[in-house]
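Structural overview for review
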Amino acid sequence: MATHTIVDDNDVKADPGQLESRVVHQIGMGKLDAAAAEGSSGQLQRSLNSRQIGMFSIAGSIGTGLLIATGSTLASGGPGSMLISMIVLGLVCYNVLAAYGEMSTAFPMDRGFSGYATRFVDPAYGCATGFNYFCKYVVLLANNLTASGLIMQYWLPHINVGVWVITFAVPIICINFCPVRVFGEVEFVSSIIKTLVIVGLMLVCLVIDLGGGPKGDRLGFRYWRDPGAFAAYKLQGSTGRFLGWWACMVNAGFVYMGTEMVGLTFGEAGKPWKVVPKAIRQTAWRISFLYIGGILVLGMVVPYNSPGLIAATKQKTGASASPFIVAIKEAGIHTLPDLINGCLLVFVLSAANSDIYIASRTLFGLARDGHLPKIFAKTHGSVPTMAVGASSLFFLLALMNTTESSSTVFKNLVSLATVFGLFNWISIMVSYLAFRRGMSAQSIPRTALPFKERWMTLRITVSLCITCIIVFFNGVTTFIPSFQVKAFVFAYTGIPVHLGLIFGAKLLLRTSRVKPKLMDLSTGLITAGDIERWESAEPSATTPSEKSSVSGWIRRVMRR
């Protein structure tokens, strides 16, 4: 077990800035971490501030899932089922982020989600988690680039999708080779655009509902009464309505997929004990307002049996596939589709940009853990260049979508990636429960944690059960009304693949489960007491030397 000198009062008295540096930069590493970090491997620079990370939580959580996938959700279960499912999955999503926040503030590390699975559960489980997450996002990278080409075909239908894939891939890859603050600024701007678009659509739908559209028809909750709040899916009666609600639960998992990606920025956050809790709580408010509020007003202006909605669910992508556009068109407004299509282009390109960032940081984490060659842990100017380059190469998968048949196949691969995403939620929650067992076995009080929330063990246990149920029963509708082989395969292939990654890693690495009493809960630990001593020890005035040095500027900013 690797050990570092524990921060004490003498460190504070000697130099508060030294404690700051150690608190921020000394990342706890086990045996595999230390081995991978030797030599030329580097560390990621903490260049993302609270403003960028807070907006990145929007960039990660708003995408085509909210603007397009909600159409099939509404058509399958109705507005009532959709609202319930979004609330339930929203709570699960927040609990996942809170669990990750507790671990990342106590043990800041720049190796992504797999780092905590490696440290608190089993190195083999951490390895499987990392590869699982990497595969998910390189597939989604190709999917989002393909979506950008299909969106461009809304205006230029005669140009092949592959042309747009290459055209958009080049600048996105270049952005990810830039310092992380450049990536942060790009995502900050795109997040503002996303937020304005969603808020604008919500306001338009609300105006339509209140009778402010061209038709002047006040809707209220009319469609909740006729045709109703709960739709029957595939079967009639109460069984059909239950299947409709369950289809909404599965679709909600896809809509929320990606909200956890803000956690990957925690490893590059300055002063994580303040930035991380703020980002998590802001994400909760944004989920409540943008997701739950958005689907609430959507269900008020579009009935689940609308012919326009049913036609929209069969579209590939673009403005014509959005249920919000269906609502606007049915209200008699015909001037917004082109604008919304342009906004969708920003959405998918921002998502592709984030996909490379996440995949590269996951690859970097696997190399730091010793699961991949050290070359992927090398950094240049704090950017893991080899990891970024390897992740970017997977944009070539998007060229499979130059034909209709390959587009259909790739859509099924995205469904597989969604299941992998749910497995990532599971790994975060499993890591957190193991972390809590280790604290209990070593008699470490929760009061020592810089960030903590109430009833977390119960909340994570319930959330873990809900997520596992969704994974194992997400394909139940493939048996109704008759067995659908192709849909079944893509609904359940993710389970044996993920288990194969775990057991394969166990055989190759020959690791054993981390025992609670032997868990390393001291290396790199930041406690609430450490932070309080550092903040209280800071000088109250700026010295002349501080004014003329970069470290002095950092200390002045940190004090604010």
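Sequence order as written defines residue numbering, which begins from 1 separately in each chain. pLDDT decides what is reported in this predicted model: residues at 70 or higher carry local features, side-chain atom pairs at 80 or more are listed and counted, and totals for whole chains, interfaces and linings draw on all residues regardless. With hydrogens and water set aside, each side-chain value is computed from the structure's full complement of heavy atoms.

**Quick notes on the overall build of the protein chain**
Condition: A run of DSSP states H or I qualifies as a helix once it reaches four residues; a run of E qualifies as a strand once it reaches two. Both are numbered from the N-terminal end. The contact criterion used throughout is that any non-hydrogen atoms of two residues lie within 4.5 Å. Computed with the Shrake-Rupley method and a 1.4 Å probe, the accessible areas treat only the protein chains shown as cover for residues.
Secondary structure assignment for the protein chain yields 23 helices and zero strands. Contacts in the protein chain between residues at least 24 apart in sequence constitute 82% of all its contacts with a sequence separation of at least 6. Total accessible area on the protein chain stands at roughly 22500 Å², and carbon and sulfur atoms take up 66% of it.

**Some details on a nonpolar patch on the surface**
This is how the line gets drawn: In this analysis, a patch consists of residues with relative accessible area above 30% that form no salt bridge, clustered at 9 Å for like charges and at 5 Å for the nonpolar side chains Val, Leu, Ile, Met, Phe, Trp and Tyr. Here a salt bridge means any side-chain nitrogen of Lys or Arg lying within 4 Å of a carboxyl oxygen belonging to Asp or Glu.
A grouping of Y154, W155, L156, I159 and V163 is seen on the molecular surface, where their side chains present a nonpolar patch of about 400 Å² in accessible area. Within the element layout of this structure, L156 appears in the loop between α7 (123-152) and α8 (161-177).

**Description of α7**
One full turn of an α-helix is made of 3.6 residues, so residues set three or four places apart face in the same direction. Going by this rule: Multiplying one less than the number of residues by 1.5 Å gives the expected span of a helix. In this scheme, a residue with accessible area under 20% of its type's maximum is buried, one over 50% is exposed, and one in between is partly exposed, where area comes from a 1.4 Å probe on protein chains only. The term polar contact refers here to a pair of N or O atoms within 3.5 Å; inside protein, the definition further demands a hydrogen-donor-capable atom paired with an acceptor-capable atom, and it admits residues adjacent in sequence only when both atoms are side-chain atoms.
Over its 30 residues, α7 extends 44 Å from the first C-alpha to the last, a length consistent with the 44 Å expected when each residue adds 1.5 Å. Counting buried residues along α7, 27 of its 30 residues qualify, which places the element largely inside the surrounding structure. One side-chain oxygen of the residue at the start of α7 lies 2.8 Å from the amide nitrogen of A124, identifying that residue as D122.

**Comments concerning unusual backbone geometry**
A negative phi angle is the norm for most residues apart from glycine, just as the trans form is the norm for most peptide bonds. Omega for the peptide link from D226 to P227 comes to 15 degrees, which places this bond in the cis form. Here P227 is to be found in helix α10 (residues 222-228). With an omega dihedral of -5 degrees, the bond running from I480 to P481 counts as a cis peptide bond. Along the polypeptide, P481 turns up in the loop between α18 (456-473) and α19 (485-492). Of note in the backbone geometry, W455 takes a positive phi value of approximately 50 degrees without being a glycine. Position of W455 relative to the elements: it lies in the loop between α17 (404-441) and α18. Under the relative-accessibility criterion, W455 is labelled exposed at 64%.

**Overview of the packing of helix α9 (residues 180-209) against helix α15 (residues 337-368)**
Helices that pack against each other are described as a pair by the angle of their axes relative to one another and the distance between those axes. Just so we agree on the cut-off: Think of each axis as a best-fit line through the C-alpha atoms, taken over the contacting stretch in the case of a helix, with angles from 0 to 180 degrees between the N-to-C directions. Definitions for this section: a left-handed crossing has its near helix turned counterclockwise from the far helix by less than a right angle. A right-handed crossing has that turn clockwise. Amino acids are sorted into nonpolar (Ala, Val, Leu, Ile, Met, Phe, Trp, Tyr, Cys and Pro), charged (Asp, Glu, Lys and Arg) and polar (every other residue, Gly among them).
At a minimum axis separation of 10 Å, α9 and α15 run at an interaxial angle of 145 degrees. Between α9 and α15 lies a crossing of left-handed hand. Every residue of α15 that contacts α9 at V180, F183, V186, E187, S190, I193, K194, V197, I198 and L201 is listed here: I340, C343, V346, F347, S350, N353, S354, Y357 and R361. A per-class count over the contact of α9 with α15 returns twelve nonpolar, four polar and three charged.

**Things to note about the environment of A147**
If you trace the backbone, A147 turns up in helix α7. Residues A147 and L349, spaced 202 residues apart in sequence, show a C-alpha to C-alpha distance of 8.9 Å.

**Here's the deal with the packing of aromatic side chains**
Which entries qualify depends on this criterion: Pairing of aromatic side chains requires ring centres within 6.5 Å, counting the rings of Phe and Tyr and the six-membered ring of Trp. Pairs whose planes differ by under 30 degrees are stacked, by over 60 edge-to-face, and all others tilted.
Taken as a whole and judged by the stated rule, the model has 17 aromatic pairs. A centroid spacing of 6.0 Å and a plane angle of 25 degrees characterise the contact between W164 and F168, whose relative ring orientation is stacked. Residue W164 and its partner F168 are located together in helix α8, separated by four residues, close to a single helical turn. In this structure, W164 and F168 share a single accessibility class: buried. The structure contains a cluster of three or more aromatic residues connected by ring pairs, namely Y100, F107, Y116, F120, Y432 and F435.

**Describing the side chain of S148**
Residue placement: S148 occurs in helix α7. In this structure S148 touches F168, L345, V348 and L349, once residues within four positions along its chain are discounted.

**A short note on α9**
For α9, spanning 30 residues, the distance from its first C-alpha to its last is 43 Å, which sits close to the expected 44 Å at 1.5 Å a residue. G211 lies just past α9 and shows a positive phi near 95 degrees.

**Quick notes on the nonpolar core**
Applicable threshold: Definition of nonpolar core: a set of buried residues of the types Ala, Val, Leu, Ile, Met, Phe, Trp, Tyr and Cys, connected through side-chain atoms within 4.5 Å.
Formed by 138 residues in total, the largest nonpolar core has its most connected members in F120, L145, W425 and F435. If one sorts the elements of this core by residue count, helix α5 (residues 64-106) sits on top with 17 residues. The residues contacting L145, other than those within four sequence positions of it, are V165, F168, A169, I172, A352, F395 and A398. The next biggest cluster of nonpolar side chains, apart from the first, holds six residues, and it includes Y94, L97, I280 and A284.

**Overview of the environment of L422**
Mapped onto the elements of the fold, L422 is located in helix α17. We classify L422 as buried; its relative accessible area is 6%.

**Describing the side chain of T118**
Among the structural elements, T118 can be located in helix α6 (residues 113-120). Residue classification places T118 among the buried positions, given a relative accessible area of 9%. Other than its neighbours up to four places away in sequence, T118 contacts P123, G126, C127, D369, H371 and V514.

**Looking at the environment of L201**
With respect to the secondary-structure elements, L201 resides in helix α9. Along the primary structure L201 and F324 are separated by 123 residues, whereas in three dimensions their C-alpha atoms are 7.0 Å apart. With sequence-adjacent residues up to four places away left out, L201 is seen in contact with L67, F324, I328 and I340.

**Digging into the pattern of salt bridges**
Evaluation of the coordinates by the stated rule reveals five salt bridges. Among the ionic pairs, R119 bridges to D520, the shortest N-O distance being 3.7 Å. Of this pair, R119 sits in helix α6 while D520 sits in the loop between α20 (494-509) and α21 (528-537), and the two are 401 residues apart along the sequence. Across the pair, exposure class does not vary: R119 and D520 are buried alike. E453 is paired through a salt bridge with R459; the nearest N and O atoms lie 3.0 Å apart. Comparing E453 with R459, the two get one shared label, buried.

**As for the packing of α15 against helix α16 (residues 385-392)**
Definition in use: Roughly parallel means an angle under 35 degrees; roughly antiparallel, over 145; roughly perpendicular, 65 to 115; everything else is oblique.
The geometry of α15 relative to α16 is characterised by a closest axis approach of 8 Å and an angle of 125 degrees between their N-to-C directions. Comparing their axes, α16 and α15 come out oblique. Along this stretch, α15 crosses α16, giving a crossing that reads as right-handed. Between α15, through I356, A359, S360, R361, L363 and F364, and α16, the contact on the second element is made entirely by A387, V388, A390, S391 and S392. Residue composition of the contact of α15 with α16, by class: seven nonpolar, three polar and one charged.

None of this, on its own, says anything about what the molecule does.
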